Amino acid sequence: MKSSDLTGAAWRKSSYSNGQANCVEVAFLGEGRVALRDSKDLGTGAALVFTAGEWHTFTTGVTRGARKRG
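Keep in mind it's a predicted model, so treat the numbers as computed, not measured.

Re the pattern of salt bridges
For the structure on display, the rule yields two salt bridges. For the salt bridge of Asp38 with Lys40, the shortest nitrogen-to-oxygen distance reads 3.5 Å. A relative accessible area of 27% means that Asp38 is categorised as partly exposed.

Given below as structure tokens:
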């Protein structure tokens, strides 16, 4: 899905962003859906849209992966 198809979404940058364009942005869309995009694309690139269950699985996997490396 193109990020431009998500007009009106309230995008937030990662709290780990270093102030440069090398981060991701997330938007909570309602009905449990969550969109994720690369901030380098300035809102013109693709966005992944997750269901609530997919988002939970994704964030759990990221967290567990970070713990293993940490």
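Having put the structure on the table, let's press on.
Some words on the sheet that holds strand β1 (residues 12-13)
If you walk across this open sheet you meet the four strands as β1-β2-β3-β4, and the pairing is antiparallel. Each edge of the sheet is formed by a strand with only one pairing partner; in this case those strands are β1 and β4 (47-50). With two bridges joining them, β1 and strand β2 (residues 24-30) adopt antiparallel strand pairing. From the neighbouring strand, Arg12 faces β2, where its bridge partner is Val26.

Some points on the layout of surface pockets
A volume near 330 Å³ is recorded for the largest pocket. For the lining of the largest pocket, the elements supplying multiple residues, two or more each, are β1, β2 and α1 (52-69). If one sorts the elements of the lining of the largest pocket by residue count, α1 sits on top with five residues. Here the lining of the largest pocket is built from residues that sort into eight nonpolar, four polar and two charged.

A word on the packing of aromatic side chains
Under the defined criterion, the tally for this structure stands at four aromatic pairs. Each ring, one from Trp55 and one from Phe58, has its centre 5.6 Å from the other, and the planes form 35°; the classification is tilted. Of the two residues, Trp55 and Phe58 are both situated in helix α1; the distance of three residues between them amounts to about one turn of the helix. Overall, Trp55 belongs to the buried group, its relative accessible area being 17%. Among the aromatic residues, those joined into a ring-pair cluster are Phe28, Phe50, Trp55 and Phe58. Sitting above the plane of the Trp11 ring, Arg37 keeps its charged end 3.9 Å from the centroid.

Points about the side chain of Ser39
Within the fold, Ser39 resides in the loop between β3 (33-38) and β4. Looking at Ser39, its side chain comes within polar contact range of the main-chain oxygen of Cys23, at 3.0 Å.

What counts as what
- Residues numbered from 1 in each chain as written.
- Predicted model: local features only at pLDDT ≥ 70, side-chain atom pairs only at ≥ 80, totals over all residues.
- Heavy atoms only, no water.
- Salt bridge = Lys/Arg side-chain N within 4 Å of Asp/Glu carboxyl O.
- Buried < 20%, exposed > 50% of the residue type's maximum accessible area, 1.4 Å probe, protein only.
- Pairing = 2+ DSSP bridges.
- Helix = DSSP H or I, 4+ residues; strand = E, 2+ residues; numbered from the N terminus.
- 1 Å grid on protein atoms, 1.4 Å probe; cavity = no way out; pocket = protein on both sides within 12 Å on 5 of 7 lines; lining within 4 Å.
- Points joined across faces, edges and corners; volume = space filled by probe spheres on them.
- Nonpolar A, V, L, I, M, F, W, Y, C, P; charged D, E, K, R; others polar.
- Phe/Tyr/Trp six-rings, centres within 6.5 Å; stacked < 30°, edge-to-face > 60°.
- Lys NZ or Arg CZ within 6 Å of the ring centre and 35° of its normal.
- Polar contact = N/O pair within 3.5 Å; in protein donor to acceptor, adjacent residues only side chain to side chain.

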